[in-house]
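Report on the structure
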Amino acid sequence: MTAILDTRPLDRVADFPAIPAGWAYLDTAATAQKPRQVIDAITRAYGETYATVHRGVYQRSADMTIAYEAARRRVATFVNAASPDEIVFVRGATEAINLVAQTWGLSLQAGDRILLSALEHHSNIVPWQLLRIRTGIEIDVCPLTADGRIDLDAAEAMLTERHKLVAFGHVSNVLGSIVDGARAARIAHRVGAKLLLDGCQAVPRIAVVVAALDCEFYVFSGHKLYGPTGIGVLWARGEILDTMPPWQGGGAMIDRVSFERTTYAPPPARFEAGTPHITGALGLHAAIDYVQGIGLEAIHAHETALVRATRDALSELNSVTLFGPEDSAGIVSFAVQGVHPHDVGTILDEERVAIRAGHHCAQPLMERLGVPATARASFGVYNNAADVQALVRGIERVTRIFG
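What comes next concerns the included structure. (Residues numbered from 1 in each chain as written. Predicted model: local features only at pLDDT ≥ 70, side-chain atom pairs only at ≥ 80, totals over all residues. Heavy atoms only, no water.)

Our next topic: the overall build of the chain. Looking only at helices and strands, the chain has 13 helices and 15 strands in total. Expected size for 403 residues packed as a compact globule is a radius of gyration near 22 Å; at 22 Å, the chain falls within 12% of this value. The burial tally for the chain puts 57% of its 403 residues in the buried class. Within the chain, contacts between residues at least 6 apart in sequence are counted, and of these 69% link residues at least 24 apart. Accessible surface computed for the chain: about 16,400 Å², of which carbon and sulfur atoms make up 51%. Once the 36 positive and 43 negative side-chain charges of the chain are each reduced to a mean point, those two points are 3 Å apart. (Helix = DSSP H or I, 4+ residues; strand = E, 2+ residues; numbered from the N terminus. Rg over C-alpha atoms; globule rule 2.2 N^0.38 Å. Buried < 20%, exposed > 50% of the residue type's maximum accessible area, 1.4 Å probe, protein only. Contact = heavy atoms within 4.5 Å. Areas by Shrake-Rupley, 256 points an atom, 1.4 Å probe, with all protein chains shown as cover. Lys, Arg positive; Asp, Glu negative; His and termini not counted. Charge placed at Lys NZ, Arg CZ, Asp CG, Glu CD.)

Shown next, in the form of structure tokens:
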């Protein structure tokens, strides 16, 4: 495990008040812990500066509106969007994908096709199945390579001019495998299809430049990026947002309302009905500042070293099966022979090691792997060599208990 000793300068556990000494939190892929900077930004917003946005004429409201829209601009620079107007605030990636499915997706018709992959999160499967019920579209599933990557060669062979959308996870929440987004865009565009990337596991650890990815839609959740829950982002090309009808009706998304006819605001307001999650947006702003203050390149290198050390150590245990590629991004999924992952997780909890155990909202992938569930360790900026060692000790105890 000496390979990860050089990453100690990135050990930011002191920034995270919810992580007590001696507790190894290895469930960042589910939700990241929050640094003091984010907590302080939210506390300040509620305790000192809170007011509604886009409505009040008094100074406090105007100031909060400025801060809220500054958060939108911060997100735009984070993903290198062409304009802040391409950023729609939502509750999370799940809501973002549903928004696309229920607005842009209504332009599809019976016989049109969507291509997903075998490793998708349920949030990138179920919305398209609901759209299939409404419109009669068909869904195809791209297979994986032997080491758990989306097989883009297979995707290229499968795509036809009937395909209107390709929707892939940028980084798998189970396997940590990274898809080549730019290549996925090229093969989608070759048949006239658009590309949606689920960036939940990508944005906390790799730089995202939507223009370089050449996708049409990019989604992510704030809580996996060290930000608060209840806030997420849909980025879409401006010319596409302009064509999409409203998703929900209410305040803020309108131009003029009468009982005879309502006209709607331009994007992004058109898709943000009602009072928004104001403090969530400010917390997300602080989270992006925190991550970029460290540097995504440094974070990715740190997590890569932790993954390498974990895989090296677990591969020495004959009873452990590892899933996914060797260079997975911040995530290690595994199974212990003869032991249900829930039992693994329970015993590790007794050792003060927190992991995820289950199907990870990816049941089709579990079927593909031939297991009902996996145990998953996922890393963040607060993890270090001691956490890896605690995990390995816990797994060794599991093997002793179950023989």
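Further remarks concern the packing of aromatic side chains. Both the distance between ring centres and the angle between the ring planes are used here to describe each pair of aromatic rings. Inspection of every chain in the model, using the stated rule, returns 11 aromatic pairs. With a centroid separation of 6.0 Å and 55 degrees between ring planes, the pair formed by Phe16 and Tyr226 is classed as tilted. Of the two residues, Phe16 sits in the segment before β1 (24-25) while Tyr226 sits in the loop between β7 (217-221) and β8 (232-236), which places them 210 residues apart along the sequence. With respect to class, Phe16 is no different from Tyr226; both count as buried. With 5.9 Å between their ring centres and 80 degrees between their planes, Tyr226 and Tyr382 make a pair best called edge-to-face. Remark: Tyr382 occurs in the loop between β15 (374-378) and α13 (385-401) and Tyr226 occurs in the loop between β7 and β8; sequence separation between them is 156 residues. The residues Tyr226 and Tyr382 share a single accessibility class, namely buried. Within the aromatic cluster, the residues linked to one another by ring pairs are Phe16, Trp23, Tyr25, Tyr226, Tyr290 and Tyr382. (Phe/Tyr/Trp six-rings, centres within 6.5 Å; stacked < 30°, edge-to-face > 60°.)

Tracing the sequence through the fold places Arg74 in helix α2 (residues 59-78). Here Arg74 falls in the buried class, since its relative accessible area comes to 16%. If we skip the residues at most four places from it in the chain, Arg74 touches His285, Ile288, Asp289 and Gln292.

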